[in-house]
Amino acid sequence: MIHIRRIQEDGADVIALIGEIDASSSIELDLAIAKSVGEGFKKILVDCGALEYISSAGLGVFMSYIEEFKDRGIRMVLFGMSDKVWNTFSILGLDELLQIGKDKVEAKQMIA
Amino acid sequence: MRTKAITRLLFLVGVITWLALVFAEISIVFSISSNLKQELPTWLPGILLNLYILSVFYYFKLRIERDEVLNFVDLLWRVFATGLVSTVISLSLRLLEVLMGSTRLPKNLVFNDFIYLINLGLMIGFLLMAFTVWKRLILYQKSKWLLRLWTFFEVGLLLSLLYNSFNIPVVEWLYGTMFGIFVLTGLVLSGNMKWVAYLNFRQKWTSLLLLLLTIFYLLYLIYTNRTLVAMLSQAMPSMSVLTDYQEHIFILSVIVFVTVYSIFSFLVILFNLPTTSVFEQKLEEVVNFQRISQSIQTEQSEDSVYNILLETSVSTVFADAAWLEVNLRQQNYRLFTYKITEKEAHDIINHLKTHNIKGILEQSSDKTKNLSRHLSSLKGSRFRSILAFPIYVKGENIGTLALLRELPEGFNKEMTKIVSTFANQAGISIENFRLMEEALQNERYKEELKIAKTVQKSLLPDVLEKDDDFEIAAFSESADEVGGDYYDTLRINDHLVSLIIADVSGKGTTAAFHMSQMKGIFHSLAQEDIEPDEFMARSNQALVYCLERGSFISATYFLINTQTKKIRYARAGHCPVLYYSTSKKSTEYFKDKGVALGMVRNKSYKKFIQANEFSYCPGDIMVLYTDGITEAKDGKNEEFGYDRLAQVVGEVQDLPVREIQEQLIQRLYEFSGTENINDDYTTMIVKFK
């Protein structure tokens, strides 16, 4: 089960993920990101502070946007991950492909 | 057989007692009129009469009451026939009298008494026949109370026979009270006319005729007996008539009861005639509903069930045509018609649609009337009334049931209700078929998954490479029917062996397909001695075209060189290798960089992958696994984790490779408390010698 909240801060769309992302809830994550892109945001921050678990399907969602974002000049930064979640990202090598900040402040600097 | 014998015996007894009665009474009358000495007691005829009544009563009881085959009309026919026979005999006696008019015989007292006794016997027979039949009719739908009242009536009447037989001096008030009670009870019982409702129109007409004639015979026989008694008592003023039925409580009560019930029945049937068709229609509705529910149960084809539904709804509300429109989830639109062409139906539907007429989906009858009004504006249509109801399945409107009549204002409120029930029935049928289809589909899917599982299992190798330098053991299990974990080995030449372990993202059939692609890539690329990073780059390039958006494969590829005792490998996003080193006597995870296959879909992928190398010594152990092992959870939602895995391997490192693998899996099951881990989990362990 996942709760997704979106707030706008300094022209960036902050997507907060609360709970777990598995195969079924990964669709909601995909929808949230697609909506943000559809609304024309060029800066997307993903708050993973309350993200307890992410499955390969959830990682696939992030992965699938990498190229599209590069082409359209959209910047996305993930931040606030727990060690466990970060480990999942790093094993797959997604830390190489995605921008991951420590906290919101750092994330905002990265995106600026 | 016994009942038959008893019935015959009773008939015989009846005849004998009647003959005895005639003999006794005539001999008394003769002796009185001839002033001879009287030898027989005067009470004898009374007792014989009662015995006659009793035997006839039980004779009919046995014959009529037990006969299950008789229907209502048959019963009435029996009464009528008995009455007819009695009346004909009585009339022929009269004719005889008239023919002998000039002779002395008709004036003879004894002869008149004889005629009277014959008439009395006939009347009693007829009355008792009617009494028994009426009993059956009254008790057709019995209640406890009704049964008790009837028993009281019958037993009371029979007891009154005793009272009569012993010639107890007539006490005026007792006689009056008893007679009053019997008449009253008879009247109350006569209120039970439920059987009339079960007669159809034709049967009612027959019954009316039979009852009318029965009443006529009854009145004729009563009248004849009355005049005979009057004549006799006039002729014998000195003594009262010995067997005067007019002082006999039993006979009088039965006369009143039988007459009253006959007249009641006649009137009730007469007044029921106009409403018979309604009752018959209701009965037909019930039968129709039964037909529909049966047709659904017997798994007939969809078309035939809808046809029956249309046919029955049309016949129930006297409609001329009907259609059933089904539009399941805005797809597969279907139209079933009955006595109307599809073109006509579409014309009406389109007509209503183009005139933007709302209300076809509303259940109120007013709206339906409005529909009919709009129908009149459609030229070329023969229909003048329409009744349409929405069909709901789980609250979702999935179609319409429409009935049409050529008459204007052809549907009443009652019909509206019936059609709404049919619409509900249609909803149930449609839902049933959908569920049945779904169940079949599921069955098919399950079958397909089974096949996929067999295929997937066959993708994993049965035999792993062996060497003087190492031994390999592997284990794989999947949560779903089909898993996405893959491992394999391939010998390149006498000193080079390649190993792979991979995990396809996602589960199920798609994962299994990707796994087979991975196997194909492995078997073609690993034929040659290529560098592990080059292997990954080429694999990635090959997979980009088959992996859909969001899918990826994590893998680690090893190249074991037994000549140099070195292993070169590349990790593409797969779980880090766990390595036990005998020299260090410790375990460690090889943490190095590497992005999973399919994540970077261009040539730049090579930048994200690196080749690594290490040497092995005898006794070293290399543990390859998928995340199903490290992410297995216990009851407290805690993961098995990397530390626990390393610890287990450290504890069992001196065992042979097969046992290490068994220990590991066993510890995993102990930890999670179940053998049904909710993920695919695989391990491949290499122990060097």
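Computed from a predicted structure; not experimentally measured.

Student: Now, about the overall build of chain B: what can you tell me, with residues and values included?
Tutor: Helix and strand counts for chain B come out as 18 helices and 14 strands. Expressed as a percentage of the 689 residues in chain B, the buried residues total 37%.

Student: Can you tell me about the overall build of chain A, naming the residues and giving the values?
Tutor: When helices and strands are tallied, chain A shows five helices and five strands. N-terminal to C-terminal, the α/β element order of chain A is β-β-α-β-α-β-α-α-β-α. Scored against the burial criterion, the 112 residues of chain A give a buried share of 43%. Of the contacts formed within chain A by residues at least 6 apart in sequence, a portion of 70% connects residues at least 24 apart.

Student: Report on the interface of chain A and chain B, specifying residues and quantitative values.
Tutor: Contact residues are listed per partner, giving 13 residues for chain A and 18 residues for chain B. Of all the secondary structure elements, the ones that give two or more residues to the side of chain A that touches chain B are α2 (56–72) and α4 (94–97) of chain A.

Student: I'd like a rundown of the sheet that holds strand β13 (residues 621–625) of chain B, residues and numbers included.
Tutor: All names here are of chain B. The antiparallel open sheet is built from five strands, whose spatial order is β5-β14-β13-β10-β11. Every other strand in the sheet has two partners, leaving β5 (470–477) and β11 (586–589) as the edge strands with one partner each. Pairs of neighbouring strands in the sheet enclose a mean axial angle of 15°, with direction left out of account. With four bridges joining them, strand β10 (residues 578–581) and β11 adopt antiparallel strand pairing. Residue pairing in the sheet places leucine 578 in a bridge with tyrosine 589 of β11. Taken strand by strand, helix α17 (residues 641–651) contacts β10, β11 and β13, and its axis lies near 35° from that of β10.

Student: Would you mind going over the packing of helix α14 (residues 508–525) of chain B against helix α15 (residues 532–544) of chain B in detail, with residue names and values included?
Tutor: The description of two helices packed together rests on the angle between their axes and the distance between the axes. All names here are of chain B. Relative orientation of the contacting elements α14 and α15 amounts to 135°, with a least axis distance of 11 Å. What the angle tells us is that α14 and α15 run oblique. In the packing of α14 onto α15, the handedness of the crossing is right-handed. Residue-level inspection shows Gln517, Ile521 and Leu525 of α14 in contact with α15, the latter providing Phe535, Arg538, Ser539, Ala542 and Leu543. Partitioned by chemical class, the residues of the contact of α14 with α15 number five nonpolar, two polar and one charged.

Student: How would you explain the confidence of the model for chain A if you had to name every residue and give the values?
Tutor: Taken as a whole, chain A shows an average pLDDT of 90; of its residues, 100% reach a score of 70 or greater. Per-element confidence in chain A is highest for strand β4 (residues 75–79) of chain A, whose mean pLDDT is 93, and lowest for helix α5 (residues 104–111) of chain A, whose mean pLDDT is 88.

Student: So what about unusual backbone geometry? Which residues, and what values?
Tutor: Residue and element names in this part refer to chain B. Phi at lysine 585 takes a positive value of approximately 50°, unusual for a residue other than glycine. Position of lysine 585 relative to the elements: it lies in the loop between β10 and β11. Phi angles above zero are rare outside glycine, and asparagine 637 is one such case at about 65°. Residue placement: asparagine 637 occurs in the loop between α16 (627–630) and α17. C-beta crowding within 10 Å serves as the criterion here: with 8 such atoms nearby, asparagine 637 is assigned to the exposed category.

Student: Just give me the short version of helix α4 (residues 109–138) of chain B, but keep the residues and values in it.
Tutor: The periodicity of an α-helix, 3.6 residues per turn, causes residues three or four places apart in sequence to face the same way. Taking 1.5 Å of rise per residue, 30 residues should cover 44 Å, and α4(B) covers 42 Å from first to last C-alpha, within 8% of that figure. Within α4(B), 21 of the 30 residues are buried, leaving the element largely enclosed by the surrounding structure.

Student: Help me get a handle on the environment of B:Phe318, residues and values and all.
Tutor: Topologically, B:Phe318 is positioned in the loop between α10 (302–316) and β1 (321–327). Sequence spacing of B:Phe318 and B:Leu403 is 85 residues, and the spatial spacing of their C-alpha atoms is 9.5 Å.

Student: Can you break down the sheet that holds strand β2 (residues 12–21) of chain A residue by residue, with the values?
Tutor: Residues and elements named next belong to chain A. Pairing is mixed in the open sheet, where five strands are placed in the order β1-β2-β3-β4-β5. Pairing within the sheet leaves two strands with one partner each, and these edge strands are β1 (2–9) and β5 (99–101). The mean angle between the axes of side-by-side strands here comes to 25°, regardless of whether they run parallel or antiparallel. When β4 meets β5, the two strands line up parallel, connected through three bridges. Paired with phenylalanine 79 across the bridge in β5 is glycine 101.

Student: With reference to specific residues and values, describe the environment of B:Glu280.
Tutor: In this structure, B:Glu280 sits in helix α9 (residues 276–297). B:Glu280 sits in the partly exposed class, given 13 other C-beta atoms within 10 Å.

Student: Account for helix α8 (residues 249–272) of chain B, naming residues and giving values.
Tutor: Residues and elements named next belong to chain B. With 24 residues, α8 extends 34 Å between its outermost C-alpha atoms, agreeing within 8% with the 34 Å of an ideal straight helix rising 1.5 Å per residue. Inspection of α8 places Ile249, Phe250, Ile251, Ser253, Val254, Ile255, Phe257, Val258, Tyr261, Ser262, Ser265 and Ile269 among the buried residues, and these make up the whole buried set. Those residues of α8 that are buried are in contact with α2 (44–65), α4, α5 (144–165), α6 (172–189) and α7 (201–235).

Student: Give me the packing of helix α1 (residues 26–38) of chain A against α2(A): which residues, what numbers.
Tutor: Residues and elements named next belong to chain A. At their nearest, the axes of α1 and α2 sit 8 Å apart, and the two run at 25° to each other. Taken as axis vectors, α1 and α2 run roughly parallel relative to one another. Viewed along their axes, α1 and α2 form a crossing whose handedness is right-handed. Facing α1, whose interface residues are Ser26, Leu29, Asp30 and Ile33, α2 presents Ala57, Gly58, Val61 and Tyr65. For the contact of α1 with α2, a count of residues per class yields five nonpolar, two polar and one charged.

Student: Talk me through the environment of A:Ile91; I want residue IDs and the actual numbers.
Tutor: Within the secondary structure, A:Ile91 sits in helix α3 (residues 83–91). Overall, A:Ile91 belongs to the buried group, with 21 C-beta atoms counted inside 10 Å. Discounting residues that sit within four places of it in the chain, A:Ile91 has contacts with B:Gly573, B:Cys575 and B:Pro576.

Student: Report on the confidence of the model for chain B, specifying residues and quantitative values.
Tutor: Residues and elements named next belong to chain B. Of all residues in chain B, 93% have pLDDT values of 70 or greater, and the mean over the chain is 85. Low pLDDT, under 50, characterises residues 361–367; the stretch is placed with eight contacts to residues that sit more than four places away or in other chains. Listed scores for the predicted complex are pTM 0.55 and ipTM 0.91.

Conventions we followed
- Residues numbered from 1 in each chain as written.
- Chains lettered and ligands numbered in written order.
- Predicted model: local features only at pLDDT ≥ 70, side-chain atom pairs only at ≥ 80, totals over all residues.
- Helix = DSSP H or I, 4+ residues; strand = E, 2+ residues; numbered from the N terminus.
- Buried ≥ 20, exposed ≤ 12 C-beta atoms within 10 Å, placed from the backbone.
- Contact = placed C-beta atoms within 7 Å.
- Pairing = 2+ DSSP bridges.
- Axes fitted to C-alpha atoms, helices over the stretch in contact; angles between N-to-C directions.
- Parallel < 35°, antiparallel > 145°, perpendicular 65-115°, else oblique.
- Left-handed = near helix turned anticlockwise from the far one by under 90°.
- Nonpolar A, V, L, I, M, F, W, Y, C, P; charged D, E, K, R; others polar.
- pLDDT = per-residue confidence, 0-100.
- Expected span 1.5 Å × (residues − 1).

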